[in-house]
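Structural characterization, general
In case you want the letters, here they are:
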Amino acid sequence: MTLTAQKAPTEGVISHIRGRALWMRRTALQMVHRKGLGHIGGDFSATDILATLYFGVLRYDPEQPDWDGRDRFVMSKGHATGALYTALAAAGFFPEDMLQTYMQPESKLNGHPNRNYLPGVEANTGPLGHGFPIAVGIAIAAKLSDASFNTYVLTGDGEQQEGSNWEAAMVAAHHKLDNLTLIIDRNHLQQGTRTSETTALDPLDEKYHAFGWDVVDADGHDPVSLLDALDPSTRDGRPRCVIAHTIKGKGVSFMEDKAKWHHGVPSDDEYAIAMQELA
């Protein structure tokens, strides 16, 4: 079944997105705990964004993953595979029981997504700063071929410190890519510390304004706010940057806003507490 963007989301749509997000958090936590590897903090900051995209915005058909009319989504913060894989499984791109093989030897569910292994993955990502330029190229290709699909890309905020992003931002504005939406997972943390201590990003909104983008702020954990910000019918002829304000580790009290959970793995006791909080 092809999904289409909701112009006037109903309470049922919002409830479904929230329910999927809760399932995604619980399942990603199980995957990371089982394998002893992963990036659970970044998974949890991005979960509501991905749930909103896959169950309220993107046009796609999991039975025809290469359908020409599909919207394209690039997960530039490719280390957050716990969130991405659970979203793809929930959307029907592959069986949910495959999630149990996460990062196992010969599994298709690698630590970074691989489009040669999994349907629904548009680009191999992981090296930060690569996914955004790829998405710009996809959006340009759509313009050249008069295709009607939209392209969405999710980056981390620490990833914005990579210079390749700003080259991509200039190119996107120059070509007036109103079919492109950049979403920044603005949780203020990266590996080891706060983004402000590594290389300050603010005023991030003013920077994208200066580069010629339409900039919108959103609550990255509220589907209503995200749906409004991601609505393609409100484009104004420019590429759109959605700064999604999030909390790293969202949903688990001892993980929230803690840099250690960038790639932390919960102990058995922590796992039990986290699953209770995610009930």
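Above this note sits the structure.
This one's a predicted model, so the numbers in the text were calculated from it and none came from an experiment.

Here's the deal with the pairing of strand S2 (residues 151–156)
Two faces belong to every sheet, and in a regular strand the side chains alternate between them. Counting buried positions along S2 yields six of six residues, so the element is predominantly enclosed. Bridge count for strand S1 (residues 72–75) against S2 is four bridges, and the pairing is parallel. In the sheet register, valine 74 faces S2, and the bridge partner there is valine 153. Relative to strand S3 (residues 180–186), S2 runs parallel, the two being bridged by six bridges. The residue bridging leucine 154 from the neighbouring strand is isoleucine 183, located in S3.

Some points on the sheet that holds strand S6 (residues 214–219)
Sheets are built from strands that pair by backbone hydrogen bonding, the pairs being arranged parallel or antiparallel. Taken in spatial order, the five strands make up an open sheet running S1-S2-S3-S7-S6, and their pairing is parallel. The open sheet terminates on both sides in strands that have one partner only, identified here as S1 and S6. Pairwise comparison of adjacent strand axes, ignoring direction, gives a mean angle of 20° for this sheet. Its contacts with the sheet put helix H2 (residues 40–56) on S1, S2, S3 and strand S7 (240–245), and the angle it makes with S3 is roughly 150°. Contacts from helix H8 (residues 223–230) reach S2, S3, S6 and S7 within the one sheet, and its direction differs from that of S6 by about 170°.

Quick word on the nonpolar core
Core analysis: the biggest nonpolar cluster contains 56 residues, and Leu50, Leu53, Tyr54, Phe73, Tyr85 and Phe94 have the highest contact counts within it. When contributions to this core are tallied by element, the ones reaching two or more residues are helix H1 (11–35), H2, S1, helix H3 (81–90), S2, H8, S7 and helix H9 (268–277). Of all hydrophobic cores here, the second largest spans 26 residues; its members include Trp166, Ala168, Trp213 and Ile243.

Points about the packing of H2 against H8
Two numbers describe how H2 lies on H8: the axes approach to 10 Å, and their chain directions differ by 60°. On the basis of their axis angle, the class for H2 and H8 is oblique. Of the two elements, H2 crosses H8, and the hand of that crossing is right-handed. Counting all contacts with H2, which are made through Asp48, Ile49, Thr52, Leu53 and Gly56, the residues of H8 involved are Pro223, Leu226, Leu227 and Leu230. Of the residues in the contact of H2 with H8, the class split is six nonpolar, two polar and one charged.

Scoring rules and cut-offs
- Residues numbered from 1 in each chain as written.
- Predicted model: local features only at pLDDT ≥ 70, side-chain atom pairs only at ≥ 80, totals over all residues.
- Heavy atoms only, no water.
- Buried < 20%, exposed > 50% of the residue type's maximum accessible area, 1.4 Å probe, protein only.
- Helix = DSSP H or I, 4+ residues; strand = E, 2+ residues; numbered from the N terminus.
- Pairing = 2+ DSSP bridges.
- Axes fitted to C-alpha atoms, helices over the stretch in contact; angles between N-to-C directions.
- Contact = heavy atoms within 4.5 Å.
- Core = buried A, V, L, I, M, F, W, Y, C linked by side-chain atoms within 4.5 Å.
- Parallel < 35°, antiparallel > 145°, perpendicular 65-115°, else oblique.
- Left-handed = near helix turned anticlockwise from the far one by under 90°.
- Nonpolar A, V, L, I, M, F, W, Y, C, P; charged D, E, K, R; others polar.

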